[in-house]
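Coordinates in review
If you want the building blocks of each chain, they are given just below.
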Amino acid sequence: MKISVFGLGYVGCVSAACFAAQGHDVVGVDVNPVKIDLISSGQAPVVEERIGDLTAEAVRSGKLRATTDVGEAIGSTDVSLICVGTPSAPNGSLSTEYLERVAEEIGDALSGKEGWHTVVFRSTMLPGTCTDLLIPILEKASGRIAGVDFGVAVNPEFLREGTSVRDFFEPPKTVIGELDSTSGDIVAALYEGLPGDVFRVPVAVAEMAKYADNAFHGLKISFANELGAICQALGLDSHRVMDVFLADRKLNISPAYLRPGFAFGGSCLPKDLRGLVYAARRADVSVPLLSHVLPSNEEHLRRAFDLVTATRSRRIGLFGLSFKPGTDDLRESPLVELAERLLGKGYDLRIYDANVSLSRLLGANRDYIDGRLPHLGDLLTNSADEVLAHAEVCVVGSKDPAVLSALENAGERTIIDLVRLPDAEARRAHPGYVGLGW
């Protein structure tokens, strides 16, 4: 393909050289004449493993050149990759100044060009930036309609400085946010033959994907560092501890617990987090990440409660009570906490949980519920249909077959889904359906 790459920093320089190495004809575009001169002489503007040799070879073969002329670059190519920076402002907001400027310049160039051209944004930007800000700029400057007269896609990069060339040729995944299928096809063809899954998704999903990755990477680093600080204070080798942690590929290094749902609870996680934070405090170790996990969980529970109060209905049916499906363990269950709050605010509540029977609750489990919901016997029913008949609002904390069956007859009732029901996608079109995190 004939590709123009706008912005010759790390991402743009690496993208340009790597696409050229794959046989594409690439034009690099930048406002900085020093970068243009460097590439024109076969030198990379950045220091990075392999990038010098790739750039020199691409320029020598005629597959890569550079210019400051936006019109010439657009006129001689079919695809434009936008790789300009989106730096943080002092208040943490994202600066889109360079994106807006490039979008306007490209739009101006498109106004006089015949044929289809695809504009692909590689820059990191918050969801909504492309459709709400950049596409209108492109359309106004070009006098044309995105998705009809020219293509638009978002293709976030997952390149790490220091290993970016290797990451380009061995990507963990390729994400294509497509405004139109033609543009999606063109971007997918750019990466044909490279490993990793290809995700063709809505534009905003692609924009958010990069933030999900980077937030999780920061979370992991902070988790490891805080745990290391606690271990050091307790006289332990943190790397020995993490060797054991990393060996668990079922729960620790896995997709486990990474699907949005309801708050966590049970007899282990809350107790052990409190214990670890207490130990850190005693050792005079500050652990802001770990100390805010339980408050974060509490905030998520509050979201569910607020969804109920927003309905302004008083008769509530709660489907599910135990902290985990398939058990009768009520200790620190977020559903018990939710029920307690609803009762405290005077809601008329009925509860169904196939695994919870008051007569079978024993020991610490019975003691816990007696202290939190002493009138549980008056609230529990043996029938999901009975709870449905009572409810104006159905709060769903279980995917038990009896619950799914009852909800088929929910009619116009409001459904607050805490577990992402199997038919959640279809239900989202119903005005009475609300998902907790989807």
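Criteria and cut-off values
All residue numbers here refer to positions counted from 1 along the written sequence of the relevant chain. It should be noted that, the model being predicted, local features are given only for residues of pLDDT at least 70 and side-chain atom pairs only at 80 or more, the latter also being counted only at that level, while totals for whole chains, interfaces and linings use all residues. In computing side-chain values, all of the structure's heavy atoms are included and hydrogens and water are not. Here an angle of 0 to 180 degrees is reported between the N-to-C directions of two axes, which are lines fitted to C-alpha atoms, with helices fitted over the stretch in contact. Only DSSP runs of H or I covering at least 4 residues are called helices, and only runs of E covering at least 2 are called strands; the numbering of each starts at the N terminus. Oblique is the label for every angle not falling under 35 degrees (roughly parallel), over 145 degrees (roughly antiparallel), or within 65 to 115 degrees (roughly perpendicular). Each helix crossing is assigned a hand: it is left-handed if the near helix lies turned anticlockwise from the far helix by less than a right angle, otherwise right-handed if that turn is clockwise. The contact rule is simple, with two residues in contact once any of their heavy atoms fall within 4.5 Å. Pairing between two strands requires that DSSP report at least two bridges joining them. Relative accessible area decides the class of each residue, using a 1.4 Å probe on protein chains only: under 20% of the type maximum gives buried, over 50% gives exposed, and in between gives partly exposed. UniProt positions are given in the numbering used here, feature names are shortened, and annotations may be inferred rather than shown by experiment. Polar contacts, as used here, are pairs of N or O atoms within 3.5 Å; protein pairs need one atom able to donate a hydrogen and one able to accept it. Residues neighboring in sequence count only if both atoms are side-chain atoms.

1. Re the packing of helix α13 (residues 293–310) against helix α14 (residues 334–344)
Packing of α13 against α14 brings their axes to within 10 Å, and their N-to-C directions diverge by 45 degrees. Viewed along their axes, α13 and α14 adopt a mutual orientation that is oblique. The handedness of the crossing between α13 and α14 comes out as right-handed. Along its contact with α13, which presents Glu298, Leu301, Arg302, Ala304, Phe305 and Val308, the element α14 presents Pro334, Glu337, Leu338, Arg341 and Leu342.

2. Topic: the sheet that holds strand β9 (residues 315–319)
Spatially, β11-β10-β9-β12-β13-β14 is the arrangement adopted by the six strands of the open sheet, whose pairing is parallel. Two strands in the sheet have a free side with no partner beyond their single neighbour: β11 (380–381) and β14 (433–435). Where β9 and strand β12 (residues 393–396) come together, four bridges link them in parallel fashion. Paired with Gly317 across the strands is Cys394, a residue of β12. Sitting on the sheet, α14 touches β9, β10 (348–352) and β12, and the angle it makes with β10 is about 160 degrees.

3. As for the sheet that holds strand β6 (residues 151–154)
Strand order across the open sheet formed by eight strands is β3-β2-β1-β4-β5-β6-β7-β8, with mixed pairing between neighbours. A single partner strand is all that each edge strand has here, and the edge strands are β3 (64–67) and β8 (197–201). Across the sheet, the mean angle from the axis of one strand to that of its neighbour is 25 degrees, orientation sign disregarded. Bridge count between strand β1 (residues 2–6) and strand β4 (residues 79–82): four bridges; the pairing is parallel. Counted as the bridge partner of Phe6 is Ile82 from β4. Contacts from helix α2 (residues 33–40) reach β2 (25–29) and β3 within the one sheet, and its direction differs from that of β3 by about 155 degrees. The sheet strands contacting helix α9 (residues 203–233) are β6, β7 (173–178) and β8, and the helix crosses β7 at an angle near 145 degrees.

4. Some points on the environment of Gly143
Note on placement: Gly143 falls in the loop between α6 (129–142) and β6. A residue is classified by how much of its surface remains accessible, and Gly143, at 67% relative accessible area, is exposed.

5. Section: the UniProt feature "domain: UDP-glucose/GDP-mannose dehydrogenase C-terminal" (unreviewed entry) in the chain
UniProt records the feature "domain: UDP-glucose/GDP-mannose dehydrogenase C-terminal" (unreviewed entry) at residues 317–424, using the numbering of this structure. Annotation note: span residues 317–424, helix share 37%, strand share 17%, distance between end C-alpha atoms 18 Å.

6. Description of the side chain of Asn155
Here Asn155 shows up in the loop between β6 and α7 (164–169). Its relative accessible area of 1% is what places Asn155 among the buried residues. Among the polar contacts listed, one links the side chain of Asn155 to the side chain of Arg122, at a separation of 3.1 Å. In this structure the side chain of Asn155 is engaged in a polar contact, spanning 2.4 Å, whose partner is the side chain of Tyr191. Not counting residues within four places of it along the chain, the set of residues in contact with Asn155 comprises Val120, Phe121, Arg122, Thr174, Val175, Val187 and Tyr191.

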